[in-house]
Amino acid sequence: MDVNGTVAEGFEPVEEAFAANFALLGERGAAVAVYRDGHRVVDLWAGTADVGGTAPWQPGTAQIVRSATKGVAAAALLLLHQRGELDLDAPVGTYWPEYKAAGKERTRVRDLLAHRAGVPVLDRPLTPDEALDPDLGAAAVAAQAPMWEPGTDHGYHAQTYSWLTGELLRRVTGRPAGEWIADEIAGPAGADLWLGLPPALHARVGRVGPVDAPQATGGLRTRPKRAVAEAYADPDSLTRRAFAAITPLPDENDPAYRAASLPASNGIATADGLARFYASLIGEVDGGTRLFTPETVDLARAERSAGPDRVLVVGTRFGLGYMLHGAASPLLSPGSFGHPGRGGALAFADPESGIAFGYVTNGFRQSVTADPRAQALVRAVRAALG
């Protein structure tokens, strides 16, 4: 497999790990980018743009990044707080009165961000067509009774995070989430990422699909723990119901799906776009604008939820919208914050080292929070830093 791109001196372990992902871990098409102190030090791509195709991955090829989108959605709400337009301690109903229904009147904005809102499921799942209508999605979560008292525990809001964050953003700004993110995040950062893909850019985005893990994975454990496997197998579990809030699962290659705005799951980005976005959260970036103040960075990565996750079953750690370094989602160091995308993608920032990382792939695995291919690249970055 020919690996294309560049690496700065000292970051050669990342190129070696990236090549090994194709040789040993069954990678089809992928890209990885790393920034350090605002300067790009890794920019690599290889394989095919489509998971089952033959056309080569090009510079600027983008992919659906699934839940890595959540980090962008969280940034939007934290920027509103930074500007004095959103109070994290205010009830969500202050901005969105309909959300007070069914015992949710005391849910705070920070509860929503930290997966403590108690509404990871919908009693009546939305169809893919319904899910693309932001009004229907917002009405569904506003009417939903919580599974636990909001603010008292946490569980991953896999799909409902779209309407929770998207509608709150719309209520505060009066603008659709995708439009606001384009103007206030992607544009200022100079990042190739989109929530609602413009039709003119459709040809830049590869087709994604499931891929099987190779039989031998270098000793990495690929079988989930029994409790996790049982939770995913049980149609009545919070786990299954959370991921099935849209039923059946949408076609992620459908242009209509890609043109919609689902802040939990359908962002589209290049690896460089994700890395550059996170670099802009923690510092100045070549040709871009810093987005977060140091105080907002501290808010984003301060632990708000930790321990057994009611949805993912394993122990998870969340800040305000961001997964934090831990056994379920290893990042670069204890100070890192970011978000994986189910089955592959990963993006994060590590303020202490000045590292920002982005990885995208067209081949999705069964992993939820710690894909072996992404983890191999993270270990390589750690090795490069010594």
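Going by the structure above, here's the rest.
Because the structure is predicted, anything quoted here is derived from the model rather than measured. (Residues numbered from 1 in each chain as written. Predicted model: local features only at pLDDT ≥ 70, side-chain atom pairs only at ≥ 80, totals over all residues. Heavy atoms only, no water.)

Asker: Can you explain empty space enclosed by the protein? Please cite residues and give values.
Answerer: Summary: where empty space remains is shown by rolling a probe the size of a single water molecule over the atoms. Under the definition given, this model contains three cavities of 30 Å³ or more. Empty space within the largest cavity amounts to approximately 70 Å³. Every residue along the wall of the largest cavity is listed here: V65, A68, T69, V72, I181, L193, W194, L195, G267, I268, A269 and L274. Residue composition of the lining of the largest cavity, by class: ten nonpolar, two polar and no charged. Considering only enclosed or pocket space, the second largest cavity measures out at about 50 Å³ in volume. Taken together, 13 residues line the second largest cavity, and the ones lying closest to its centre are P340, G344, A345, T369 and D371. Class assignment for the residues of the lining of the second largest cavity results in six nonpolar, six polar and one charged. (1 Å grid on protein atoms, 1.4 Å probe; cavity = no way out; pocket = protein on both sides within 12 Å on 5 of 7 lines; lining within 4 Å. Points joined across faces, edges and corners; volume = space filled by probe spheres on them. Nonpolar A, V, L, I, M, F, W, Y, C, P; charged D, E, K, R; others polar.)

Asker: Talk me through the pairing of strand 12 (residues 346-350); I want residue IDs and the actual numbers.
Answerer: Counting buried positions along strand 12 yields five of five residues, so the element is predominantly enclosed. Burial along strand 12 is two-sided: the residues L346, F348 and D350 and A347 and A349 are all buried. As judged from the four bridges shared by strand 11 (residues 337-340) and strand 12, these two strands associate in the antiparallel manner. Across the sheet, the residue bridging to F337 is A349, located in strand 12. Between strand 11 and strand 12, which pair antiparallel and follow one another directly, the connecting turn spans five residues, one of which, G343, has a positive phi of 95°. One ladder, built from five bridges, connects strand 12 with strand 13 (residues 355-361); its direction is antiparallel. Considered in strand 13, the bridge of F348 is made with F357. Where strand 12 hands over to strand 13, the hairpin turn is made up of four residues, of which G354 adopts a positive phi near 75°. (Buried < 20%, exposed > 50% of the residue type's maximum accessible area, 1.4 Å probe, protein only. Helix = DSSP H or I, 4+ residues; strand = E, 2+ residues; numbered from the N terminus. Pairing = 2+ DSSP bridges.)

Asker: Describe unusual backbone geometry, with residues and values.
Answerer: With an omega of -5°, the peptide bond running from T247 to P248 counts as cis. At A102, a residue that is not glycine, the phi angle is positive and equals roughly 60°. Structurally, A102 can be placed in the loop between helix 2 (69-82) and helix 3 (109-113). Within the chain, V313 stands out as a residue other than glycine whose phi angle is a positive 75°. In this fold, V313 is placed in the loop between strand 8 (305-308) and strand 9 (315-318).

Asker: With reference to specific residues and values, describe helix 11 (residues 271-282).
Answerer: Its twelve residues give helix 11 an end-to-end C-alpha distance of 17 Å, which sits within 8% of 16 Å, the value for a rise of 1.5 Å per residue. In terms of burial, helix 11 is a largely internal element, twelve of the twelve residues being buried. Restricting attention to buried positions, one finds in helix 11 the residues A271, D272, G273, L274, A275, R276, F277, Y278, A279, S280, L281 and I282. (Expected span 1.5 Å × (residues − 1).)

Asker: Give a description of the sheet that holds strand 4 (residues 63-64) that names residues and reports values.
Answerer: Pairing in this open sheet of three strands is antiparallel, and the strands run 4-7-5 from one edge to the other. Each edge of the sheet is formed by a strand with only one pairing partner; in this case those strands are strand 4 and strand 5 (193-194).

Asker: Lay out the environment of P134 with the relevant residues and their values.
Answerer: By the element assignment, P134 lies in helix 5 (residues 134-143). For the pair P134 and S162, spaced 28 residues apart in the sequence, the C-alpha separation amounts to 8.9 Å. Among residues more than four places away in sequence, those in contact with P134 are E167 and R170. (Contact = heavy atoms within 4.5 Å.)

Asker: Can you break down the pairing of strand 8 residue by residue, with the values?
Answerer: Two strands pair when backbone bridges link them, and strand 8 and strand 9 are joined in this way by four bridges, in the antiparallel orientation. Residue P308 lies in a different strand from strand 9, and its bridge partner there is G315. A loop of six residues connects strand 8 with strand 9, the two strands running antiparallel in sequence, and V313 in this loop sits at a positive phi of about 75°.

Asker: Please give an account of the layout of surface pockets that cites residues and values.
Answerer: Of the pockets and cavities examined, the second largest pocket occupies roughly 660 Å³. Around the second largest pocket, the lining comprises 33 residues; the ones closest to its centre are R66, F243, L249, E252 and R342. Contributions of two or more residues to the lining of the second largest pocket are made by strand 6 (209-210), helix 9 (238-243) and strand 11.

Asker: Lay out the packing of aromatic side chains in plain terms, naming residues and giving numbers.
Answerer: For the structure shown, the criterion picks out ten aromatic pairs. Judged by centre distance (5.0 Å) and plane angle (40°), the ring pair of W96 and Y99 falls under tilted. For the residue pair W96 and Y99, the accessibility class agrees, reading buried in each case. When the ring of Y156 is compared with that of F243, the centres are 6.3 Å apart and the planes differ by 55°; the resulting orientation is tilted. Here the residue Y156 occupies a position in the loop between helix 5 and helix 6 (161-173), and F243 occupies one in helix 9, the gap between them amounting to 87 residues. You can call Y156 buried: its relative accessible area is 3%. Three or more aromatic residues joined by ring pairs make a cluster, and in this case those are Y156, Y232, F243 and F318. The aromatic ring of Y99 is capped on one face by K104, whose charged end is 4.8 Å from the ring centroid. A cation sits over an aromatic face here: R342 above F243, 4.2 Å from the ring centre. (Phe/Tyr/Trp six-rings, centres within 6.5 Å; stacked < 30°, edge-to-face > 60°. Lys NZ or Arg CZ within 6 Å of the ring centre and 35° of its normal.)

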